[in-house]
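Each chain, letter by letter, is given below.
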Amino acid sequence: MERLSDNYYVEKVRSGETGCFASLLERYSVQVFSLIVKMVGNREDAEELTQDVFVKAYGSLASFRGESSFSTWIYRIAYNMAVSAVRKKKTVFIPVDEDRMENVPDEPEEAFSETAGPEVRLMNLNRALERLSPEERAMIMLFYKDNKPMEEIAVIAGLTESNVKTKIFRIRKKLWVWIKAMEEQQDEAG
């Protein structure tokens, strides 16, 4: 079966065939939910926000100009709504040791403990990801998990591409510092 373009469905909805919005919902609901749950850290809140995103997108479809893809546009709505929701909760995030950030090697992956197995490394990575702010976690996940290019992440986050590159570089350093500290604690305890 031929896969119709997002723009096809957008134009159909704009011309009054509102049922065509279900195709866009079906196409993007999993990705939007995935982004939101990474940011808010709670499935129930993420489900509610995902519904809100699609309600807002449907109501704002007339303002979609097509300057970016529909997927980028819907991701931007999701990103902004998740950021707003997290800010309302006033969550406190763990600061990173700035002195250790200065000493991160250029290839940080090579400096991890040889004694930690892949399961321990994955557990440490997940624990470190939880320490990031929602915006940072979203950027890292969009880049590494969803394979979004820097320019698309910039549009989603409302930043310049160079700002996104700098932020991702800095986030990687933060993750390295936290994972390294976890490994050191595990080596001392083990």
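Residues numbered from 1 in each chain as written. Predicted model: local features only at pLDDT ≥ 70, side-chain atom pairs only at ≥ 80, totals over all residues. Heavy atoms only, no water.

Novice: Just checking my understanding: could you explain the side chain of K38 for this structure?
Specialist: Its place among the elements puts K38 in helix α2 (residues 21–40). Not counting chain neighbours up to four residues away, the residues in contact with K38 comprise R137, M141, K145 and D146. (Helix = DSSP H or I, 4+ residues; strand = E, 2+ residues; numbered from the N terminus. Contact = heavy atoms within 4.5 Å.)

Novice: Even after reading the chapter, I still don't get helix α3 (residues 43–60), so can you show me in this structure?
Specialist: Along an α-helix, residues three or four apart share an orientation, since each turn contains 3.6 residues. Compared with an ideal rise of 1.5 Å per residue, which puts 18 residues at 26 Å, α3 spans 25 Å between its outermost C-alpha atoms and is within 8% of the ideal. For α3, every residue scored as buried is listed here: A46, L49, T50, V53, F54 and A57. Within α3, the buried residues cover an arc of 140° as seen down the axis, which keeps them to one side. For α3, the exposed residues set more than 90 degrees away from the buried face come down to E44, E48, Q51, V55 and G59. In the core, the buried residues of α3 are packed alongside α2 and α4 (70–89). Two or three places before E44, at the opening of α3, N42 has a side-chain oxygen 2.9 Å from that residue's backbone nitrogen. (Expected span 1.5 Å × (residues − 1). Buried < 20%, exposed > 50% of the residue type's maximum accessible area, 1.4 Å probe, protein only. Arc of directions from axis to C-beta. Polar contact = N/O pair within 3.5 Å; in protein donor to acceptor, adjacent residues only side chain to side chain.)

Novice: When you look at the environment of V53 in this model, what are you seeing that I'm missing?
Specialist: Among the structural elements, V53 can be located in helix α3. Here V53 falls in the buried class, since its relative accessible area comes to 0%. Separated by 22 residues in sequence, V53 and Y75 have C-alpha atoms that sit 9.0 Å apart. Every residue in contact with V53, bar those within four places of it in the chain, is listed here: V32, I36, I74, I77, A78 and M81.

Novice: I would appreciate a short explanation of the packing of helix α6 (residues 118–131) against helix α9 (residues 161–189) in the present structure.
Specialist: Packed helices, taken two at a time, are described by their axes: the angle between them and the distance between them. Where α6 contacts α9, the two axes come as close as 9 Å, and the packing angle between them is 130°. The orientation of α6 with respect to α9, classified from their angle, is oblique. Crossing geometry of α6 relative to α9 is assigned as right-handed. Counting all contacts with α6, which are made through V120, R121, M123, N124, L125, R127, A128, L129 and R131, the residues of α9 involved are L175, W178, I179, M182, E183 and Q186. Partitioning the contact of α6 with α9 into residue classes produces 9 nonpolar, 2 polar and 4 charged. (Axes fitted to C-alpha atoms, helices over the stretch in contact; angles between N-to-C directions. Parallel < 35°, antiparallel > 145°, perpendicular 65-115°, else oblique. Left-handed = near helix turned anticlockwise from the far one by under 90°. Nonpolar A, V, L, I, M, F, W, Y, C, P; charged D, E, K, R; others polar.)

Novice: Quick question: what am I supposed to make of the pattern of salt bridges here?
Specialist: Side chains bearing opposite charge may pair, as long as their charged atoms lie close to each other. What the rule picks out here adds up to 9 salt bridges. Salt-bridge contacts for K12 lead to E17; the nearest nitrogen and oxygen are separated by 3.4 Å. Among the ionic pairs, K38 bridges to D146, the shortest N-O distance being 3.7 Å. Taken together, the residues span a long stretch of sequence, with K38 in helix α2 and D146 in the loop between α7 (134–145) and α8 (150–157) at a distance of 108 residues. (Salt bridge = Lys/Arg side-chain N within 4 Å of Asp/Glu carboxyl O.)

Novice: Which parts of the structure should I look at to understand the packing of aromatic side chains?
Specialist: The relation between two aromatic rings is expressed through the spacing of the ring centres and the mutual angle of the planes. Under the defined criterion, the tally for this structure stands at 8 aromatic pairs. Aromatic side chains F143 and Y144 sit 4.8 Å apart centroid to centroid with 90° between the ring planes, which places their arrangement in the edge-to-face category. The exposure class of F143 is partly exposed, given its relative accessible area of 25%. Through a chain of ring-to-ring contacts, the aromatic side chains of Y28, F64, F70 and W73 assemble into a single cluster. (Phe/Tyr/Trp six-rings, centres within 6.5 Å; stacked < 30°, edge-to-face > 60°.)

Novice: Explain unusual backbone geometry to me, please; I cannot follow it from the model alone.
Specialist: Most of the time, phi is negative for any residue but glycine, and the peptide bond is trans. One non-glycine residue, N147, lies in the positive phi region at around 55°. Position of N147 among the secondary structure elements: in the loop between α7 and α8. We classify N147 as exposed; its relative accessible area is 61%.

Remember that the coordinates give geometry; whether it matters functionally is a separate question.
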